[in-house]
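Secondary and tertiary structure notes
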Amino acid sequence: MRWLMILLLTAGFARAEGDRAGEFDYYVMALSWSPNWCRIEGDAKKSPQCEEDHGWILHGLWPQFHRGWPSYCNTPERQPSRTMTSEMADIMGTSGLAWHQWKKHGTCSGLSARAYFDLSREAYNSVTRPPVFRKLDKSVTLPASVVEEAFLKANPTHERDGVTVTCRDGFISEVRVCLSKDLEPVPCGSDVIRDCRMTNAKFDPLR
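Model, not experiment: these values are computed from the prediction.

**A closer look at the overall build of the protein**
If you tally the helices and strands in the protein, you get 7 helices and 6 strands. For 207 residues, the compact-globule estimate of 2.2 N^0.38 gives 17 Å, and the C-alpha radius of gyration of the protein, at 17 Å, lies within 12% of that figure. Here the analysis covers contacts within the protein between residues at least 6 apart in sequence; of these, 78% occur between residues at least 24 apart. Carbon and sulfur atoms make up 52% of the accessible area of the protein, which amounts to about 11100 Å² in all. With 26 positive and 26 negative side-chain charges, the protein shows a separation of 5 Å between the mean positions of the two kinds.

**Some words on the pattern of salt bridges**
With the rule as written, the count across this model stands at 12 salt bridges. Salt-bridge contacts for Asp 43 lead to Arg 207; the nearest nitrogen and oxygen are separated by 2.8 Å. Here Arg 207 lies in the segment after β6 (201–203) and Asp 43 lies in helix α2 (residues 34–45), a separation of 164 residues in the sequence. Taking the relative accessible area as the measure of exposure, Asp 43 reaches 34% and is therefore partly exposed.

**What to know about the packing of aromatic side chains**
What characterises a pair of aromatic rings is the spacing of the ring centres plus the angle enclosed by the ring planes. In this structure the tally under the stated criterion is 10 aromatic pairs. Judged by centre distance (5.2 Å) and plane angle (85 degrees), the ring pair of Trp 56 and Phe 151 falls under edge-to-face. Within this pair, whereas Trp 56 is found in strand β2 (residues 56–64), its partner Phe 151 is found in helix α7 (residues 144–154), the two being separated by 95 residues in sequence. Among the aromatic side chains, those forming a connected cluster through ring pairs are Trp 33, Trp 56, Phe 133, Phe 151 and Phe 203.

**Observations regarding the nonpolar core**
What tends to happen in soluble globular proteins is that the nonpolar side chains get buried as a cluster. Grouped together as the largest cluster of nonpolar side chains are 42 residues, with contacts concentrated most on Met 29, Trp 56 and Val 147. In terms of residue count, the dominant contributor to this core is helix α6 (residues 113–126) (6 residues). If near-sequence neighbours (up to four positions away) are discounted, Trp 56 is found in contact with Leu 31, Ser 32, Trp 33, Tyr 124, Arg 129, Phe 133, Val 147, Phe 151, Val 175 and Phe 203. Of all hydrophobic cores here, the second largest spans 7 residues; its members include Val 28, Trp 62, Cys 178 and Val 192.

**Considering the confidence of the model for the protein**
The share of residues in the protein with pLDDT of 70 or more is 91%, and the mean pLDDT across the chain is 91. When the criterion is pLDDT under 50, residues 1–16 qualifies, and its contacts beyond four places in sequence or with other chains add up to 12 contacts.

**Details of unusual backbone geometry**
Generally, phi is negative for residues other than glycine and the peptide bonds are trans, each holding for most cases. Phi angles above zero are rare outside glycine, and Lys 46 is one such case at about 55 degrees. You can call Lys 46 exposed: its relative accessible area is 69%. Residue Asp 169 is not a glycine yet carries a positive backbone phi of 55 degrees. With relative accessibility at 58%, the residue Asp 169 sits in the exposed group.

**Some details on α2**
Given a rise of 1.5 Å per residue, 12 residues ought to cover 16 Å, yet the end C-alpha atoms of α2 are separated by just 14 Å, more than 12% below that figure. All of the buried residues along α2 are Ser 34, Pro 35, Asn 36, Cys 38, Ile 40, Glu 41 and Gly 42. Looking at the buried positions of α2, the neighbouring elements they touch are β1 (26–33), β2, β4 (163–168), β5 (171–179) and β6. Directly beyond the C-terminal end of α2, a positive phi value near 55 degrees is found at Lys 46.

Parameters at a glance
Per-chain numbering applies: the sequence of each chain, read as written, is numbered from 1 onward. Local features are withheld for residues below a pLDDT of 70 in this predicted model, meaning they are given only at 70 or higher, and side-chain atom pairs are given and counted only at 80 or more; totals for whole chains, interfaces and linings count all residues. As a convention, hydrogens and water are excluded, and side-chain values are obtained from all of the structure's heavy atoms. Put simply, DSSP marks the helices as runs of H or I at least four residues long and the strands as runs of E at least two long, and each gets a number from the N terminus on. The size measure is the radius of gyration over C-alpha atoms, and the globule rule it meets is 2.2 Å times the number of residues to the 0.38 power. Whether two residues touch is decided by their heavy atoms; if any such pair falls within 4.5 Å, the residues are in contact. Calculation of accessible area relied on Shrake-Rupley with a 1.4 Å probe; when residues are assessed, cover is drawn exclusively from the protein chains displayed. The charge count treats Lys and Arg as positive and Asp and Glu as negative. His and the chain ends do not count. Throughout, a charge is located at the NZ atom of Lys, the CZ atom of Arg, the CG atom of Asp or the CD atom of Glu. We define a salt bridge as a contact between a side-chain nitrogen of Lys or Arg and a carboxyl oxygen of Asp or Glu at a distance within 4 Å. Partly exposed residues are those whose accessible area sits between 20% and 50% of the maximum for their type, while under 20% is buried and over 50% is exposed, using a 1.4 Å probe and protein chains only. By convention, a stacked pair of Phe, Tyr or Trp rings (six-membered ring in the case of Trp) has centres within 6.5 Å and planes under 30 degrees apart, an edge-to-face pair has planes over 60 apart, and any other such pair is tilted. The criterion is simple. A nonpolar core is a set of buried Ala, Val, Leu, Ile, Met, Phe, Trp, Tyr and Cys residues joined through side-chain atoms within 4.5 Å. Confidence scores per residue from the predictor, reported as pLDDT, run from 0 to 100. Given the number of residues in a helix, its expected span is that number minus one, multiplied by 1.5 Å.

This is the structure:
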């Protein structure tokens, strides 16, 4: 009986790889603050992303269920060309990230690679990134809630339950925005809206 309960509890969260493309409930758009990511891992990896003056980059546009998420879906669509992934580097940091996001998440969208990347760019442009963060001239510590409030103020059509902020290794990591398949603001599922509660999260300025 115990193993059955465990199976039922976990089934809704981690979905097996190879889900059917196009079957999902909404999108999660993840925006990563590049200087923080570089401090956490990018510098150690010598990522070319960290050589550029990136602010909020598009980590990905992720198909999501109300509980759980699909990944590495079976799709008849062709893989993106190198040109296609390179064209995404201006908002995604590197072509390698664009390729990885297609492979893990884009294949689940039910779209072609071109349509998925076009939709990703449209989603990125649909959200106003608060300019205040680009004006920092030194590292600061701040409550994660301040970052969320800044995004909500800059995007008044978005509700509080549709935006969440994550932290990693003491840094503000990502702002995640929940969107419908038509890129309209929607509430996040219970496994997405888990706000970072740090009151002294680190935040690095642009380089």
